[in-house]
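If you want the building blocks of each chain, they are given just below.
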Number of protein chains: 2
Amino acid sequence: MVEVDRNGLEVLDRTQCERLLATATIGRIAFTSGALPIVLPVNFWFDGSRVLIRTGRGTKLEAAARDAVVAFEVDDIDPMAHTGWSVVLTGIASEVTDAAHLRQLERAPIARWAPGGNGCVMMVTPELISGRRMNVGGGGL
Amino acid sequence: MVEVDRNGLEVLDRTQCERLLATATIGRIAFTSGALPIVLPVNFWFDGSRVLIRTGRGTKLEAAARDAVVAFEVDDIDPMAHTGWSVVLTGIASEVTDAAHLRQLERAPIARWAPGGNGCVMMVTPELISGRRMNVGGGGL
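Everything numeric here is computed off the predicted structure, so don't read it as measured data. (Residues numbered from 1 in each chain as written. Chains lettered and ligands numbered in written order. Predicted model: local features only at pLDDT ≥ 70, side-chain atom pairs only at ≥ 80, totals over all residues. Heavy atoms only, no water.)

Asker: Would you explain the overall build of chain A in this entry?
Answerer: A tally of helices and strands in chain A yields three helices and eight strands. For chain A, the N- to C-terminal ordering of α and β elements is β-α-β-β-β-β-α-β-β-α-β. For a compact globule of 141 residues, the expected C-alpha radius of gyration is about 14 Å, and chain A comes in at 16 Å, within 12% of that figure. Taking the contacts inside chain A whose residues are at least 6 apart along the sequence as the reference set, 67% of them involve residues at least 24 apart. When the accessible surface of chain A is split by element, carbon and sulfur atoms take 51% of a total near 6,700 Å². Here chain A carries 14 positive and 16 negative side-chain charges, and the mean point of each set is 5 Å from the other. (Helix = DSSP H or I, 4+ residues; strand = E, 2+ residues; numbered from the N terminus. Rg over C-alpha atoms; globule rule 2.2 N^0.38 Å. Contact = heavy atoms within 4.5 Å. Areas by Shrake-Rupley, 256 points an atom, 1.4 Å probe, with all protein chains shown as cover. Lys, Arg positive; Asp, Glu negative; His and termini not counted. Charge placed at Lys NZ, Arg CZ, Asp CG, Glu CD.)

Here's what the structure looks like:
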């Protein structure tokens, strides 16, 4: 039985959300910096349980999101057909510092497109995940 | 002369950002609710100076973002070609309550896909707008 929310959107369970996260490579991370909300597009890789983002030292993301609660959103929406899905998760962002994990991530598909520079990898472990799917004739955003 | 940021991305000026905002219909709004960051995909319409979003009464967006500072992000990124752009703005979200403005918005292209319900229109007046464009061989996220 499909669960529908108050807006008429299909509610996705955690397994469905995780499956969709694994299909995407670009998401948006939201956090607070200097008391202001910030949202930025990022490349990411979902390793099955955590969101991994490569970023640069000294970036707003690296400085403000480290050890802070962040929200992370991924969607694939067709505005013409009014179909698509979105997944939102909330969790604490931390820097990957474990040497073995970092070595393992060297072979992971987490591109950072910016040329050169000192990079680091931020990891978001989801505490909460929610997802919605909209269908033709059904609900919407 | 094209300005480039520390990550090698082309910096877009306000006019370029506004032009890109006018081409899009789906964005992501980020705000704080119960001390937690939230990011949600929304349909929107940019009227040339303000972002207009139709939402429902009692939604998290309507309740938490009203009269609060929010961040709003729009992008169009091709993850395979490593090209695209993103625009981020920050501003205060308020409900449109002026009757003449609401009548005018009835004819505006700000769809809300969810069926029925009491709607309201939130308006974000940008205080800050910034944009980046990434090109093949250039920088990235």
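Following the structure, the description resumes.
Asker: I tried to follow the pairing of strand β7 (residues 83-95) of chain A on my own but got confused; where do I start?
Answerer: Taken residue by residue, a regular strand's side chains alternate between the two faces of the sheet. All names here are of chain A. Taken across its 13 residues, β7 has eleven buried, putting it largely inside the fold. Note that strand β6 (residues 69-78) and β7 share ten bridges and pair antiparallel. By the bridge assignment for β7, Val-69 is matched with Ile-92. Turn length for the β6-β7 hairpin, with the two strands adjacent in sequence and antiparallel, is four residues, and the turn residue His-82 shows positive phi of about 55°. Looking at chain direction, β7 and strand β8 (residues 119-134) are connected through twelve bridges and run antiparallel. (Buried < 20%, exposed > 50% of the residue type's maximum accessible area, 1.4 Å probe, protein only. Pairing = 2+ DSSP bridges.)

Asker: In this structure, what is going on with the pairing of strand β6 (residues 69-78) of chain B? I would like to understand it.
Answerer: Residue and element names in this part refer to chain B. Among the ten residues of β6, seven are classified as buried, and the element is accordingly described as predominantly covered. Two elements, strand β2 (residues 26-33) and β6, share three bridges in a ladder whose sense is antiparallel. When the sheet's bridge partners are listed, Ala-30 is paired in β6 with Ala-71.

Asker: Help me out: how do you make sense of the pattern of salt bridges in this one?
Answerer: Pairing of side chains with opposite charge becomes possible as their charged atoms draw close. Tallied over the full model, the rule gives 18 salt bridges over all chains. With a closest N to O distance of 3.2 Å, A:Glu18 and A:Arg14 form a salt bridge. Residue A:Glu18 and its partner A:Arg14 are located together in helix α1 (residues 14-21), separated by four residues, close to a single helical turn. The salt bridge involving A:Asp75 is made with A:Arg28; its shortest N-O contact spans 3.8 Å. Taken together, the residues A:Asp75 in strand β6 and A:Arg28 in strand β2 (residues 26-33) connect sequence positions 47 residues apart. Salt bridges linked by common partners bring A:Arg28, A:Glu73, A:Asp75, B:Arg28, B:Glu73 and B:Asp75 together as one network. (Salt bridge = Lys/Arg side-chain N within 4 Å of Asp/Glu carboxyl O.)

Asker: Is there a simple way to think about a nonpolar patch on the surface in this case?
Answerer: Taken together, the side chains of A:Leu36, B:Val69 and B:Ile92 present a nonpolar region at the surface, about 210 Å² in accessible area. Within the secondary structure, B:Val69 is located in strand β6. (Patch = residues over 30% accessible without salt bridge, like charges linked within 9 Å, V, L, I, M, F, W, Y side chains within 5 Å.)

Asker: What am I meant to see in the environment of B:Asp78 here?
Answerer: All names here are of chain B. Within the fold, Asp-78 resides in strand β6. Of the residues examined, Asp-78 reaches a relative accessible area of 33% and is grouped as partly exposed. In this structure the C-alpha to C-alpha distance between Asp-78 and Leu-105, which are 27 residues apart in sequence, comes to 32 Å. At 2.9 Å, the side chain of Asp-78 forms a polar contact with the backbone nitrogen of Met-80. (Polar contact = N/O pair within 3.5 Å; in protein donor to acceptor, adjacent residues only side chain to side chain.)

Asker: Explain the environment of B:Val11 to me, please; I cannot follow it from the model alone.
Answerer: Residue and element names in this part refer to chain B. Relative to the helices and strands, Val-11 is located in strand β1 (residues 10-12). Remark: the alpha-carbon pair of Val-11 and Leu-21, spanning ten residues in sequence, is separated by 15 Å. Those residues within four positions of Val-11 in sequence are excluded, and the remaining contacts are Glu-3, Val-4, Asp-5, Gln-16, Gly-131 and Arg-132.

Asker: Looking at this model, I keep getting lost on helix α1 (residues 14-21) of chain B. Mind explaining?
Answerer: Three- or four-residue spacings in an α-helix give side chains the same orientation, since the helix completes a turn every 3.6 residues. Residues and elements named next belong to chain B. What α1 keeps buried is the set Cys-17, Leu-20 and Leu-21. Summarising the axial view, the buried residues of α1 lie within an arc of 100°, below the 170-degree limit, and thus occupy one face. One side-chain oxygen at the N-terminal end of α1 lies 3.2 Å from the backbone nitrogen of Thr-15; it belongs to Asp-13. (Arc of directions from axis to C-beta.)

Asker: Help me out: how do you make sense of the environment of B:Gly131 in this one?
Answerer: All names here are of chain B. Tracing the backbone through its elements, the reader meets Gly-131 in strand β8 (residues 119-134). The class for Gly-131 is buried, based on a relative accessible area of 1%. Distance from Gly-131 to Ser-33, taken between C-alpha atoms, is 26 Å for residues 98 residues apart in sequence. Contact partners of Gly-131, with chain neighbours within four places excluded, come to Glu-10, Val-11, Leu-12, Cys-17, Ser-86 and Val-87.

Note that all results are geometric; they support no functional claim without further evidence.
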